[in-house]
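# Observations on chain architecture
Here are the chains, one letter per residue:
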Amino acid sequence: MAVLQMQKIGICALKKDRQEILEKIQTLGTIELSDDKSLKELDGFVTTDTKEVSREFSKKLSLTEQALEVMDTFSPETKGMFSSLEGKPLIDKEKLMQEMQNAKAITELAEQVISWSKEYSENKALVAKINEKIEGLKPWQELDIPFDLTETKKTKVLIGTMPPDMDEAKIHELVQKKCDEELDIDLEVVCMDSDAAYIVVIAKKDVSGKVEDALRSGGFAKSSLGYDKTPREQIEKLENDIDSTNQANVELENRIIESAENRDKLREAGDYFRMRLKNVEVTGELKQSERTFVMTGFIPKDKASRGKELLEGSFDCVIELADVTDDDEAPTVLKNNAFSSSAEGVLESYGLPKLRDIDPTKVMSYFYVFFFGMMLSDAAYGLLMSIGCFIVLKKFPKMEDGMKKMLKLFGFCGLSTLFWGVMFGGYFGDAPTVIAKTFFNKDFTIK
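Residues numbered from 1 in each chain as written. Predicted model: local features only at pLDDT ≥ 70, side-chain atom pairs only at ≥ 80, totals over all residues. Heavy atoms only, no water.

When helices and strands are tallied, the protein chain shows 14 helices and 11 strands. Projecting the C-alpha coordinates of the protein chain onto the three principal axes gives extents of approximately 110 × 90 × 40 Å. Taking all contacts inside the protein chain whose residues are at least 6 apart in sequence as the whole, residues at least 24 apart take part in 79%. (Helix = DSSP H or I, 4+ residues; strand = E, 2+ residues; numbered from the N terminus. Contact = heavy atoms within 4.5 Å.)

Locating Ser208 in the fold gives a position in helix 6 (residues 205-217). On the basis of relative accessible area, Ser208 is assigned to the buried category, the value being 8%. What Ser208 contacts, discounting residues up to four positions off in sequence, is Lys156 and Ala203. (Buried < 20%, exposed > 50% of the residue type's maximum accessible area, 1.4 Å probe, protein only.)

With that settled, the discussion passes to the state of the cysteines. Inspection of the entire model under this criterion finds 0 disulfides. Considering cysteine sulfurs only, Cys389 is the nearest to Cys413, which forms no disulfide, with 8.7 Å between them. Classification of Cys413 as buried rests on a relative accessible area of 0%. (Disulfide = S-S within 2.5 Å.)

At a minimum axis distance of 10 Å, the contact between helix 4 (residues 103-137) and helix 8 (residues 263-283) shows a crossing angle of 115°. Between helix 4 and helix 8, the interaxial angle falls into the category roughly perpendicular. As helix 4 runs across helix 8, the sense of the crossing is left-handed. Contact residues: helix 4 offers Ala103, Ile106, Thr107 and Ala110, while helix 8 offers Lys265, Leu266, Ala269 and Phe273. Its residues assigned to classes, the contact of helix 4 with helix 8 comprises 6 nonpolar, 1 polar and 1 charged. (Axes fitted to C-alpha atoms, helices over the stretch in contact; angles between N-to-C directions. Parallel < 35°, antiparallel > 145°, perpendicular 65-115°, else oblique. Left-handed = near helix turned anticlockwise from the far one by under 90°. Nonpolar A, V, L, I, M, F, W, Y, C, P; charged D, E, K, R; others polar.)

Now for the packing of aromatic side chains. This model, assessed by the stated rule, comprises 16 aromatic pairs. Taking the centre distance of 6.0 Å and the plane angle of 20° together, the rings of Phe367 and Phe371 count as stacked. Of this pair, Phe367 and Phe371 both sit in helix 11 (residues 361-376), 4 residues apart, which is roughly one turn of that helix. Here Phe371 falls in the partly exposed class, since its relative accessible area comes to 40%. Ring geometry for Phe370 and Phe371: centres 5.2 Å apart, planes at 90°, overall edge-to-face. Among the aromatic residues, ring-to-ring pairing joins Phe367, Phe370, Phe371, Phe419, Trp420 and Phe424 into one connected group. Across from the ring centre of Phe396, 6.0 Å away, lies the NZ or CZ of Lys395, which sits over that ring. (Phe/Tyr/Trp six-rings, centres within 6.5 Å; stacked < 30°, edge-to-face > 60°. Lys NZ or Arg CZ within 6 Å of the ring centre and 35° of its normal.)

What follows deals with the pattern of salt bridges. Tallying each qualifying case throughout the model produces 16 salt bridges. Among the ionic pairs, Asp271 bridges to Arg274, the shortest N-O distance being 2.9 Å. Of the two residues, Asp271 and Arg274 both sit in helix 8, 3 residues apart, roughly one turn of that helix. Asp271 gets classed as partly exposed once you look at its relative accessible area, which sits at 34%. The residue Glu344 makes a salt bridge to Lys405 at a minimum N-O spacing of 2.6 Å. Of the two residues, Glu344 sits in helix 10 (residues 344-350) while Lys405 sits in helix 13 (residues 401-424), which places them 61 residues apart along the sequence. Looking at Lys405, the relative accessible area reads 25%, which means it is partly exposed. What you see here is one network of salt bridges that share partners, running through Glu65, Asp271 and Arg274. (Salt bridge = Lys/Arg side-chain N within 4 Å of Asp/Glu carboxyl O.)

What follows concerns a negative patch on the surface. Together, Asp144, Asp165, Asp167, Glu168, Asp184, Asp186 and Glu188 line one region of the surface with negative charge. Take Glu188: it is sitting in strand 5 (residues 185-192). The exposure class assigned to Glu188 is partly exposed, which follows from its relative accessible area of 41%. (Patch = residues over 30% accessible without salt bridge, like charges linked within 9 Å, V, L, I, M, F, W, Y side chains within 5 Å. Areas by Shrake-Rupley, 256 points an atom, 1.4 Å probe, with all protein chains shown as cover. Lys, Arg positive; Asp, Glu negative; His and termini not counted. Charge placed at Lys NZ, Arg CZ, Asp CG, Glu CD.)

Right under this line is the structure:
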């Protein structure tokens, strides 16, 4: 029908009522606050730094959202196909305020859930690291001495790896060749694979230096493993560590799943913190004196008197209304009948008209529905479309406005499609004619 006429609203009230007035404005849902440049010139009025309080509510909001994400990961909600259409359940304001008196317990629960999730992830990473260590120990399983045994009273123990092509005979040959003498060493190749030869060499201390230098010339790399157990014993210990870590993760997972029973409380807390955060941000923009504050905004002209009456009747405040000028950037609010309002989403996708522009929604909605039906023009499709849309609208009255408008629009488009389908004789295309000819050998056409 038209773009609603707006009025400027100015509010001057006591500072002690600031929070309640802001919540009242939120409840009314008809006033959009704005930054009036003329308020900057008021003597004795300044803005308040609310960054610290804003950070606090932002942190609490973030905690609840993270905790909900954790719960959704470990204990996903079973949702129906149309769950996204249900909308948010309504909650009594007084009940919400009573529950938020225990907001500290809710934030502590959120912190605990996040802590459990972090510990769970750390344990998963720890298990991966332990498995890597086990894989590194597997080639040494036949070694029957601990890795930290590096020497005895008269000998030195060298544990390490050689290139994979170095077998026992080649290693002996390399040592004798590099040392230019026959050295008495004890060599054992523990394992050989495509990556390396895993060896243990025991030599007398007085020649151990020469032996090690000879081995290094052939690619010997000393093992960095310093376990005080044999490889088999160490692998067994690491496997026990994995079992205990996995068991701890099972307990953590169960705790998170049990805490998911409080999912609704966390959602309510998140909405509360979001509302308070918005209020605090607005508070930081208000001009305030020692005992009063002022704010300005815009309100639809047809609701201005009622809004003024409600605020003045509830608080000690002074409210002024004024007409919008060409310099004001007033918001655009459309007002259309039940049929045309369904097409407002289409108009919004191209851009809303300015305050003093003509609202084309009504004319556009008729043409949109008219031509949609003419282009599709199938009575059967149109009937199914309109029935489906109107059933969903009836079944889910709390769905968000955007979705509600879209379904209502396609419901009307379905009726138009039904009409033009009857006009053109389209019922699932030419299905009646084809079925009659194929199965009954008759010529049948719906005129």
